[in-house]
Amino acid sequence: MLKQFLIIFGFLALGELTVYITGIKLPSCIIGMVLLTAALKLKWVKLESVSKISKFLLDNLGFFFVPPGVALMLYFDLIKAELLPIIAATVISTVVVLIVSGHTHQLMRKLLKHKSDKNGVPEK
């Protein structure tokens, strides 16, 4: 399991290095996981090489939210003061995501239907 742990953290370090060298404005953990995903897709890393540690981390995911949740309690006064803007931003962003997702889905269905009609293949 140590080997699997080192692979995961190796890609995290690779993400850190990428951010440091390029100055890209993305979280290094996201870049590291994208690189790991690419390595898995290209079969440079075998799924079996990271499956046990991945399952362990996913099974214990809730545990990783405890420190941020506790730290959030330090800011209850700030949250209370800005509660209305927080709620408004949450509601508005949720509605925007729903609308954009719905329109994107409809557009993709139309494009796929048009493509299948053009090729004479019935849509699945």
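Our structure is the block above this text.
Residues numbered from 1 in each chain as written. Predicted model: local features only at pLDDT ≥ 70, side-chain atom pairs only at ≥ 80, totals over all residues. Heavy atoms only, no water.

A. Local environment of the overall build of the chain. Counting its secondary structure elements, the chain contains six helices and zero strands. The helix and strand sequence of the chain, counted from the amino end, reads α-α-α-α-α-α. Taken over C-alpha atoms, the radius of gyration comes to 21 Å for the chain, far larger than the 14 Å a tight globule of 124 residues would show. Taking the principal axes of the C-alpha coordinates as reference, the chain spans close to 60 × 50 × 35 Å. Going through the 124 residues of the chain one by one, you find that 12% of them count as buried. Partitioning the contacts of the chain with sequence separation of at least 6, the portion at a separation of at least 24 is 47%. As displayed, the chain has an accessible area near 10600 Å², and 75% of this comes from carbon and sulfur atoms. One finds the centroid of the 14 positive side-chain charges in the chain at a distance of 11 Å from the centroid of its 7 negative side-chain charges. (Helix = DSSP H or I, 4+ residues; strand = E, 2+ residues; numbered from the N terminus. Rg over C-alpha atoms; globule rule 2.2 N^0.38 Å. Buried < 20%, exposed > 50% of the residue type's maximum accessible area, 1.4 Å probe, protein only. Contact = heavy atoms within 4.5 Å. Areas by Shrake-Rupley, 256 points an atom, 1.4 Å probe, with all protein chains shown as cover. Lys, Arg positive; Asp, Glu negative; His and termini not counted. Charge placed at Lys NZ, Arg CZ, Asp CG, Glu CD.)

B. The environment of Leu6, seen in detail. Along the chain, the position of Leu6 falls in helix H1 (residues 2-22). Judged by relative accessible area, Leu6 falls into the exposed class, the value being 55%. Taking the C-alpha atoms as reference points, Leu6 and Ser93, 87 residues apart in sequence, are found 38 Å from one another.

C. Representation of the nonpolar core. Ile7, Ile8, Phe11, Leu36, Ala39, Val45, Val50 and Ile53 together form the largest nonpolar core, which totals eight residues. Residue assignment for this core shows that the elements contributing at least two residues are H1 and helix H2 (28-41). (Core = buried A, V, L, I, M, F, W, Y, C linked by side-chain atoms within 4.5 Å.)

D. Inspection of the packing of aromatic side chains at higher detail. Scanning all chains against the criterion turns up two aromatic pairs. Relative to Phe9, the ring of Phe5 has its centre 4.4 Å away and its plane inclined at 45°; by these criteria the two rings are tilted. On the criterion of helical spacing, the pair formed by Phe5 and Phe9 is a turn pair, its members being four residues apart in helix H1. (Phe/Tyr/Trp six-rings, centres within 6.5 Å; stacked < 30°, edge-to-face > 60°.)

E. The packing of H1 against H2, seen in detail. Where H1 contacts H2, the axes come no closer than 7 Å and their chain directions differ by 120°. In this view, H1 runs oblique relative to H2, as classed from their interaxial angle. Relative to H2, the crossing made by H1 is right-handed. Packed against H1, whose contacting residues are Ile7, Ile8, Phe11, Leu12, Leu14, Gly15, Glu16, Thr18 and Val19, the element H2 presents Ser28, Cys29, Ile31, Gly32, Met33, Leu35, Leu36 and Ala39 at the interface. Its residues assigned to classes, the contact of H1 with H2 comprises twelve nonpolar, four polar and one charged. (Axes fitted to C-alpha atoms, helices over the stretch in contact; angles between N-to-C directions. Parallel < 35°, antiparallel > 145°, perpendicular 65-115°, else oblique. Left-handed = near helix turned anticlockwise from the far one by under 90°. Nonpolar A, V, L, I, M, F, W, Y, C, P; charged D, E, K, R; others polar.)

F. Representation of the layout of surface pockets. Here the largest pocket defines a volume of roughly 310 Å³. Lining the largest pocket, in full, are Phe5, Ile8, Phe9, Leu12, Cys29, Met33, Ser54, Leu57 and Leu58. Its residues placed into classes, the lining of the largest pocket shows eight nonpolar, one polar and no charged. (1 Å grid on protein atoms, 1.4 Å probe; cavity = no way out; pocket = protein on both sides within 12 Å on 5 of 7 lines; lining within 4 Å. Points joined across faces, edges and corners; volume = space filled by probe spheres on them.)

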